[in-house]
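An overview of the molecular structure
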Amino acid sequence: MIKIEIDKGSGFCFGVVTAIHKAEEELAKGKTLYCLGDIVHNSREVERLKAMGLITINHEEFRRLRNAKVLLRAHGEPPETYETARKNNIEIIDATCPVVLQLQKRIKQSFLNDERQDKQIVIYGKNGHAEVLGLVGQTDGKAIVIEKAEEIGKLDFNKSIRLFSQTTKSLDGFQEIVSRIKEHISSKSAFEYYDTICRQVANRMPKLREFAASHDLIFFVSGKKSSNGKILFDECLKVNPNSHLIDGEEDIDPALLRNINSIGICGATSTPKWLMERIYAHIRSLMDK
Ligand code: SF4
């Protein structure tokens, strides 16, 4: 019989678990609850909560909203969002992950306290990602976002640099940026860097690599919008080229299941456990045919 295993280390991180619990708790009270943006980058989980009554809105709809209750997801929000809520009598249920909240505070303090006029606050992150927008918002929009080491040309090496990272970026990518900046920075300018990568993601990598290498075939379950999903899937691919990114069971090509002895199912910090279990059951049913 073919072995099928779900990775025990995969699934929601504590930030996402807390946000979903908060949403469920509020929904249980029976009142209308809005969520600013998808609560998690997984359409299946978003659909599940929608069926329970959660209404997902975008920032434009949020600005038009009055006298309502809105949940802020784990990614966090820039200060303008809180300001709009105050003006529009919106009650905020703040599910910003404490790790993100801490990073926002650090960046804000760094921006406000720095006496040097030539400072550049740099964030290694994905442009337009909700968490990054929340971080840039702490600097009145002045922080410079770089997505990869090749983009360090955006920086002025004659000015001081203070580098932070989006919580879900890769440690390797961060270290590469640090060494490239060190190579280029002028001797008269200061360079400080802070590894602010969340260990809920980074610590998963070695275990995930081990898991992916121990199976013939890997199904990595993740929404296409998930930023850490992409990073973790790439790690699987590095050690097991027979790794496949799937959103749900309908993405499974039965032809892949031929001539293999073991299948691993794993996912991102935004992948619900119930979805991985459903995929497990689906593969079993395909095997039984
Ligand atoms: S990955 Fe880390 S920082 Fe991001 S929500 Fe999860 S626990 Fe919080």
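As annotated in an unreviewed UniProt entry, the chain carries the name 4-hydroxy-3-methylbut-2-enyl diphosphate reductase and is attributed to Bacteroides pyogenes F0041. For the chain, the Function (unreviewed entry) comment in UniProt is given as "Catalyzes the conversion of 1-hydroxy-2-methyl-2-(E)-butenyl 4-diphosphate (HMBPP) into a mixture of isopentenyl diphosphate (IPP) and dimethylallyl diphosphate (DMAPP). Acts in the terminal step of the DOXP/MEP pathway for isoprenoid precursor biosynthesis." Listed under Sequence similarities (unreviewed entry) in UniProt, the entry text for the chain is "Belongs to the IspH family."

According to UniProt, the feature "binding site: [4Fe-4S] cluster" (unreviewed entry) maps to Cys13, Cys97 and Cys198 in the numbering used here. The greatest C-alpha distance among the residues just named is 10.7 Å, despite their covering 186 residues of sequence, which places them together in space. Residues from the named set that contribute to the lining of the largest cavity are Cys13, Cys97 and Cys198. For Cys97, the position within the fold is in the loop between β5 (91-94) and α5 (98-113).

A word on the sheet that holds strand β11 (residues 243-246). Here we have four strands laid out as an open sheet, ordered β1-β12-β10-β11, and parallel in their pairing. Whereas interior strands pair on both sides, the edge strands pair on one side only; in this sheet they are β1 (3-6) and β11. With direction set aside, neighbouring strand axes in the sheet form an average angle of 20°. Bridge count for strand β10 (residues 217-221) against strand β12 (residues 262-267) is five bridges, and the pairing is parallel. Within β12, the position partnered with Ile218 by the bridge is Gly264. The sheet contacts of helix α9 (residues 204-213) involve β1, β10 and β12, and relative to β12 the element is tilted by about 155°.

With that out of the way, let us pick up the side chain of Gln120. Within the element layout of this structure, Gln120 appears in strand β6 (residues 120-124). In this structure Gln120 comes out as buried when scored by relative accessible area, which is 8%. A distance of 2.7 Å separates a polar atom in the side chain of Gln120 from the backbone oxygen of Asp156.

This brings us to the domain arrangement of the chain. One can read the domain layout of the chain as domain 1 (3-10 + 202-288), domain 2 (14-97) and domain 3 (99-193). Of note, the centres of domain 2 and domain 3, computed from C-alpha atoms alone, are 28 Å apart. Opposite the 12 residues of domain 2 that make contact, domain 3 presents 11 residues. Carbon and sulfur atoms make up 60% of the area that domain 2 and domain 3 hide from each other, which totals about 820 Å². Of all residues in domain 2, His75, Pro79 and Cys97 give up the largest surface area on contact with domain 3, accounting jointly for 48% of the area buried on that side. Summed over the shared surface of domain 2 and domain 3, the number is four residue pairs in polar contact (both at pLDDT 80 or more). When its residues are assigned to classes, the side of domain 2 that touches domain 3 shows five nonpolar, four polar and three charged.

Because side chains alternate across strand β2 (residues 33-36), one face comprises the buried residues Leu33 and Cys35, and the other comprises Tyr34 and Leu36, equally buried. Crossover connection from β2 via helix α2 (residues 43-51) to parallel strand β3 (residues 54-57): handedness right-handed. Where β2 and strand β4 (residues 69-72) come together, three bridges link them in parallel fashion. Directly across from Leu36, in β4, lies its bridge partner Leu72.

Conventions we followed
- Within every chain, residues take consecutive numbers counted from 1 along the sequence as written.
- Local features in this predicted model are restricted to residues of pLDDT 70 or higher, and side-chain atom pairs are both shown and tallied only at a pLDDT of 80 or more, whereas totals for entire chains, interfaces and linings draw on every residue.
- Based on all heavy atoms of the structure, the side-chain values leave hydrogens and waters out of the count.
- UniProt positions are given in the numbering used here, feature names are shortened, and annotations may be inferred rather than shown by experiment.
- Residues are said to line a cavity or pocket when one of their atoms sits within 4 Å of a point; the points come from a 1 Å grid over protein atoms alone, cavities being sets where a 1.4 Å probe fits but cannot get out and pockets being open sets with protein on both sides within 12 Å along at least five of seven lines.
- Helix and strand labels come from DSSP, where a helix needs a run of H or I of at least four residues and a strand needs a run of E of at least two; each type is numbered from the N terminus.
- Here the rule is simple: two strands pair whenever DSSP picks up at least two bridges between them.
- The axes are straight lines fitted to the C-alpha atoms, using for helices just the contacting stretch, and the angles between their N-to-C directions are given from 0 to 180°.
- Contact criterion: two residues are considered in contact whenever any of their non-hydrogen atoms come within 4.5 Å of each other.
- Each residue is placed in one exposure class: buried if its accessible area under a 1.4 Å probe, protein chains only, is under 20% of its type's maximum, exposed if it is over 50%, and partly exposed if it falls in between.
- N or O atoms within 3.5 Å of each other form a polar contact, as long as, within protein, one can give a hydrogen and the other can take it, and as long as residues adjacent in sequence are counted only when both atoms are side-chain atoms.
- Domain limits in this description derive from either an automatic procedure or a database domain assignment.
- Simply put, the buried area is the total loss of 1.4 Å probe accessible area from both parts when two parts are fitted together.
- Three classes are used: nonpolar for Ala, Val, Leu, Ile, Met, Phe, Trp, Tyr, Cys and Pro, charged for Asp, Glu, Lys and Arg, and polar for all others, with Gly counted as polar.
- Every crossover in which the path from the first strand over the helix to the second runs clockwise, viewed with the strands pointing away from the viewer, is termed right-handed.

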